[in-house]
Structures are given as structure tokens and as C-alpha cells.
Amino acid sequence: MEKSYSMLSLAPTICRIMGISSNSISAKPELPLKYEGINGERICLITVDAMGISSLKRHSMRIPFLNDKSIGNIMRIRSEKPCSTAVNLTSMATGKDFSAHKILKKNQKITCSTFIDIMSRCGLSTAAVSYRESTLLSIIANTPARIISSEYPRDDETAYLTLKEIKNRAHNFIWVHFMDFDKVGHRCGPYSSDAAKAINNIDRLTNEIYRQCTDNGYTLIINADHGQHGTDGDLYGVHDGSSDEDLFTPFILPA
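Conventions and cut-offs
- Residues numbered from 1 in each chain as written.
- Predicted model: local features only at pLDDT ≥ 70, side-chain atom pairs only at ≥ 80, totals over all residues.
- Heavy atoms only, no water.
- Helix = DSSP H or I, 4+ residues; strand = E, 2+ residues; numbered from the N terminus.
- Rg over C-alpha atoms; globule rule 2.2 N^0.38 Å.
- Buried < 20%, exposed > 50% of the residue type's maximum accessible area, 1.4 Å probe, protein only.
- Contact = heavy atoms within 4.5 Å.
- Areas by Shrake-Rupley, 256 points an atom, 1.4 Å probe, with all protein chains shown as cover.
- Lys, Arg positive; Asp, Glu negative; His and termini not counted.
- Charge placed at Lys NZ, Arg CZ, Asp CG, Glu CD.
- Phe/Tyr/Trp six-rings, centres within 6.5 Å; stacked < 30°, edge-to-face > 60°.
- Lys NZ or Arg CZ within 6 Å of the ring centre and 35° of its normal.
- Pairing = 2+ DSSP bridges.
- Axes fitted to C-alpha atoms, helices over the stretch in contact; angles between N-to-C directions.
- Salt bridge = Lys/Arg side-chain N within 4 Å of Asp/Glu carboxyl O.
- Parallel < 35°, antiparallel > 145°, perpendicular 65-115°, else oblique.

Counting its secondary structure elements, the protein contains 11 helices and 10 strands. Over its C-alpha atoms the protein spans a radius of gyration of 16 Å, differing by no more than 12% from the 18 Å that the globule rule assigns to 255 residues. By principal-axis analysis of the C-alpha atoms, the protein measures approximately 50 × 40 × 40 Å. For the protein, with 255 residues in total, the buried portion stands at 60%. A fraction of 70% describes how many contacts in the protein between residues 6 or more apart in sequence connect residues 24 or more apart. Surface exposure of the protein reaches about 10700 Å², of which carbon and sulfur atoms provide 48%. A gap of 4 Å separates the mean positions of the 29 positive and 28 negative side-chain charges of the protein.

Time to look at the packing of aromatic side chains. The description of an aromatic ring pair uses the distance of the two centres, along with the angle that the planes make with each other. As enumerated under the stated definition, the model contains four aromatic pairs in all. Each ring, one from phenylalanine 173 and one from tryptophan 175, has its centre 6.5 Å from the other, and the planes form 65°; the classification is edge-to-face. By relative accessible area, phenylalanine 173 is classed as buried at 0%. Judged by its relative accessible area of 0%, tryptophan 175 falls in the buried class. An aromatic cluster of at least three residues, connected via ring pairs, comprises Phe115, Phe173 and Trp175. Above the ring of tyrosine 35, the side-chain terminus of arginine 16 is found at 4.2 Å from the ring centroid. It is arginine 76 that lies over the ring of phenylalanine 248; its NZ or CZ is 4.1 Å from the centre.

For the bond from lysine 81 to proline 82, the omega torsion is 0°, close enough to zero to count as cis. Phi is positive for alanine 50, close to 75°, though the residue is something other than glycine. When you line up the elements, alanine 50 lands in the loop between strand 2 (43-48) and helix 2 (53-58). The buried category is assigned to alanine 50, whose relative accessible area is 0%. One non-glycine residue, arginine 169, adopts positive backbone phi at about 55°. Judged by its relative accessible area of 37%, arginine 169 falls in the partly exposed class.

The next subject is the sheet that holds strand 2. With mixed pairing, the eight strands of this open sheet are ordered in space as 1-3-10-7-2-6-4-5. At either margin of the open sheet sits one strand with a lone partner, and together these are strand 1 (4-6) and strand 5 (146-150). Neighbouring strand axes in the sheet, compared pairwise and without regard to direction, differ in orientation by 25° on average. By the bridge criterion, two bridges tie strand 7 (residues 219-224) to strand 10 (residues 248-252) in an arrangement that is antiparallel. Each bridged residue has a counterpart across the sheet, and for isoleucine 222 the counterpart in strand 10 is isoleucine 252. Strands in contact with helix 4 (residues 85-94) are strand 2, strand 6 (173-178) and strand 7; relative to strand 6, the strand with the most contacts, it is inclined by about 165°.

Taken as a whole, this structure holds eight salt bridges when the rule is applied. A salt bridge links lysine 183 to aspartate 180; its shortest N-O distance comes to 3.6 Å. One end of the pair is lysine 183 and the other is aspartate 180, both in helix 9 (residues 180-188) and three residues apart, which spans about a single turn. A relative accessible area of 31% means that lysine 183 is categorised as partly exposed. Residue aspartate 180 is classed as buried on the basis of its relative accessible area of 15%.

Turning to the packing of helix 8 (residues 155-168) against helix 10 (residues 193-215), a few remarks are in order. Direction vectors running N to C along helix 8 and helix 10 enclose 5°, while the axes themselves pass 10 Å from each other. When the axis of helix 8 is compared with that of helix 10, the two are roughly parallel. Between helix 8, through Asp155, Asp156, Ala159, Thr162, Leu163, Ile166 and Lys167, and helix 10, the contact on the second element is made entirely by Asn201, Ile202, Arg204, Leu205, Glu208, Ile209, Gln212 and Cys213.

So this is what it looks like as C-alpha cells:
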């Protein structure tokens, strides 16, 4: 069976990349990366909602950038249960599972320490970018991160704001939440033609962000909170944790 790593490994991994101590933020080990080859001064983390490894495989013809940049660099990350966005974004940020952080819905606020808090204590500037109703923006609202929100529920708008922030070089860490693929999957099914168009657009936007990151000294990381599987004849998408399609997500450090 292909090796997978815990979502709880993300917090200490991000801290290690940025060269700061995680202060025992998680009992899980860091991901086995070649840290000495990563520029950790500035990081842009794109979390694509519901983009499981199964979706990458099913839509492989629609993601030329991710296919080109992730060869040999995809790690399988296992989502936490309950398999929801709020649970897994919080687990990423804190290195703790649901039983410890208790965040189930987007209107809850994280009360335990996050990697954003640790960065702030180390004098690093952080920002989060997404649509104003993003679960990410909601749950980290009480952290030191600057919240940058779009009025329009489209990944294109989120990407536009992200590109501006990268070019400004004002933040050491930028966390981006793309939401379109999850919304389209719920409405039409994760393997539908509409989902294929959504992930193709994500691939295009991620390529633009990668180029901007390269030009401005940022390291780009791409991951997901959970996957999604089809139900009712694949007409609708769900992520209840009952399927490997829900649970296994990618961690991509573009080559």
C-alpha cells in the first residue's frame, strides 16, 4: 500500500520549512522533505478545497501545470475525521486532531496555538486570502494573520488578490483557500465536466501564482483539506470520510 502521512504533520512541516521551532505543536513528525533545498524565507500555501488525489488522477488531462511540476513530488496526506473543511484546516494549522481542537464549523474560532501564532511570535508577517465567506478566513479570524477577502465567490478573484500580495512581498507566509472545486463538486459531482473545468482553472491560476512566487522569492506549496466522492449516480459530491476518495489528499512542492 502506498505510504501516507497524517494531516497533523503539516503544522510542524510548515514551521520547519520557515526555520522556526514548532514548540511541540504536534506529536506527529514532519514530512520527509529535503528541507535544506527549500527557500523558507517566504512561503505561499494554496489549499484547494476538496482536491483529493483521486480527483487529480481522474482529471489528469486537465492539469498540465500540476502534472509537470509534481512528478515525484506528491505526498499522500490522510485527512482527519470528521472529513470536513473546518476540521482539516484547523488540524493543518494546529497539528492537533478534532478531539483536541474541537473545531467543527466555520463560525468557530481556533483557541489553541497555530503555526500562524508561532510565526507572529518570531516576528514573521502572515496573511490569508480567499472569498469573504471562506472557512479558512472564519476560523483563523482571531490569529495575527492579515485577512484579505474577495467580495466575489470565484477562485479567479482570490488568485488576483494573491498575486498582488506576492508581488508586494509584505508577508513571509500567505495562506490561500481556493473554494470553487468543492462547490462545483457538491453541485455537479467531483468527476463531472463542470468539475473538470473548475480544476483546469485552478491549474491555470496555480501556474500564474507559481510564476509570481518564483519571481519574488516565495516557495509555493499546494495541498487540500479533503477529497470528495460522487453519490446518487455521481450527480452530487460528498465528503463524509466513508471513501478513500475523501481521505487521501496531495501535498505538492512544485519542482
